[in-house]
Amino acid sequence: MDWNHYRFRSLWALPAPVPVVYRALERVEDYPRWWPQVREVTRLDDTTGTLRIRALLPYDLTQTVREERRDPAAGVLQAALTGDIEGWARWTLTPRGTGALVRYDQEVDVRKPLLRRFAVPGRVFFRANHTLMMRAGRRGLAAHLAAV
């Protein structure tokens, strides 16, 4: 087992329709407004940017995010990730009643040296940190969508 390899999946049921949620998710530069753990986003060009993320544990992750797929008709946004974590992340949106079911999938390898050193004893904490971050993201996006 590679202790520095992670696969994550989160499901968010949101009361807004898919096109509205999709528009919010494709505007990565707005994430810090509604997702507290996304501390900073810097656009590099139309399809690439850097993100600085810090959740509950006392470390930042900095990554470059490059758009790989933007398909509003299919409800898919996918990006390649490089930096402190490398791999990919994908949002997939489907209608659910009058709202949307948002599925987030991520597969990454940790590259940040500090986190690699603590890979075995820290794994349970790193996974919990990610879970808490995703919960806060769902709450933040739901509040953002309600205010729009």
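Everything discussed here concerns the structure shown above.
Residues numbered from 1 in each chain as written. Predicted model: local features only at pLDDT ≥ 70, side-chain atom pairs only at ≥ 80, totals over all residues. Heavy atoms only, no water.

Visitor: I'm lost on the overall build of the chain in this one. Help?
Guide: Looking only at helices and strands, the chain features 4 helices and 7 strands. Listed by position from the N terminus, the elements making up the chain come as β-α-α-β-β-β-β-β-β-α-α. Projected onto its principal axes, the C-alpha coordinates of the chain cover approximately 45 × 30 × 25 Å. Within the chain, buried positions represent 43% of all 148 residues. A separation threshold of at least 6 residues defines the contact pool for the chain, and within that pool the share at least 24 residues apart is 51%. Here the chain displays about 8100 Å² of accessible surface, and carbon together with sulfur accounts for 55% of that area. The chain carries 24 positive and 16 negative side-chain charges, and their two centres are separated by 8 Å. (Helix = DSSP H or I, 4+ residues; strand = E, 2+ residues; numbered from the N terminus. Buried < 20%, exposed > 50% of the residue type's maximum accessible area, 1.4 Å probe, protein only. Contact = heavy atoms within 4.5 Å. Areas by Shrake-Rupley, 256 points an atom, 1.4 Å probe, with all protein chains shown as cover. Lys, Arg positive; Asp, Glu negative; His and termini not counted. Charge placed at Lys NZ, Arg CZ, Asp CG, Glu CD.)

Visitor: Just to check I follow, could you spell out the environment of Arg39 for this structure?
Guide: Relative to the assigned elements, Arg39 resides in strand E2 (residues 38–43). Arg39 sits 15 residues away from Arg54 along the chain, and the two C-alpha atoms are 6.7 Å apart.

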